[in-house]
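Chain by chain, the residues run as shown.
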Amino acid sequence: MTQDERRLYLIKKLLKERNEDCEIPDDEKSQKDLLLSLMNIR
């Protein structure tokens, strides 16, 4: 599993955990920001 795949997997799992369905950005920087935000909320 590559870093990109791992990051997307974590984002999807955290969104599912919160019962949210938001659009996942395409660029790496935005994905990292979203992931950090979701982890902080958790």
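You'll find the structure just up there.
Not measured: the values here are computed from a predicted model. (Residues numbered from 1 in each chain as written. Predicted model: local features only at pLDDT ≥ 70, side-chain atom pairs only at ≥ 80, totals over all residues. Heavy atoms only, no water.)

*Asks:* Which residues make up the overall build of the protein, and what are the values?
*Replies:* Looking only at helices and strands, the protein features 2 helices and 0 strands. Across its three principal directions, the C-alpha atoms of the protein cover 25 × 20 × 20 Å. Just so you have it, the protein exposes about 3600 Å², and 48% of that area is on carbon and sulfur atoms. Within the protein, one finds 9 positive and 10 negative side-chain charges whose respective centroids are separated by 7 Å. (Helix = DSSP H or I, 4+ residues; strand = E, 2+ residues; numbered from the N terminus. Areas by Shrake-Rupley, 256 points an atom, 1.4 Å probe, with all protein chains shown as cover. Lys, Arg positive; Asp, Glu negative; His and termini not counted. Charge placed at Lys NZ, Arg CZ, Asp CG, Glu CD.)

*Asks:* Outline the packing of helix α1 (residues 3–17) against helix α2 (residues 28–41), listing residues and values.
*Replies:* Here α1 crosses α2 at 40°, and the two axes come no closer than 10 Å. The angle between the axes of α1 and α2 places the two elements in the oblique class. The two elements α1 and α2 meet at a crossing, and its hand is left-handed. Between α1, through R7, L8, L10, I11, L14 and L15, and α2, the contact on the second element is made entirely by E28, Q31, K32, L34, L35, L38 and M39. (Axes fitted to C-alpha atoms, helices over the stretch in contact; angles between N-to-C directions. Parallel < 35°, antiparallel > 145°, perpendicular 65-115°, else oblique. Left-handed = near helix turned anticlockwise from the far one by under 90°. Contact = heavy atoms within 4.5 Å.)

*Asks:* Outline the nonpolar core, listing residues and values.
*Replies:* One finds I11, L14, L15, L34, L35 and L38 forming the largest nonpolar core, which totals 6 residues. Secondary-structure elements contributing two or more residues to this core are α1 and α2. Every residue in contact with L35, bar those within four places of it in the chain, is listed here: R7, L10, I11 and L14. (Core = buried A, V, L, I, M, F, W, Y, C linked by side-chain atoms within 4.5 Å. Buried < 20%, exposed > 50% of the residue type's maximum accessible area, 1.4 Å probe, protein only.)

*Asks:* Describe a nonpolar patch on the surface, with residues and values.
*Replies:* The grouping of M1, Y9 and L10 at the surface amounts to a nonpolar patch, some 330 Å² of accessible area in total. Along the chain, the position of L10 falls in helix α1. (Patch = residues over 30% accessible without salt bridge, like charges linked within 9 Å, V, L, I, M, F, W, Y side chains within 5 Å. Salt bridge = Lys/Arg side-chain N within 4 Å of Asp/Glu carboxyl O.)

*Asks:* Lay out unusual backbone geometry in plain terms, naming residues and giving numbers.
*Replies:* The phi angle at N19 is positive, at roughly 55°, despite the residue not being glycine. Along the chain, the position of N19 falls in the loop between α1 and α2.

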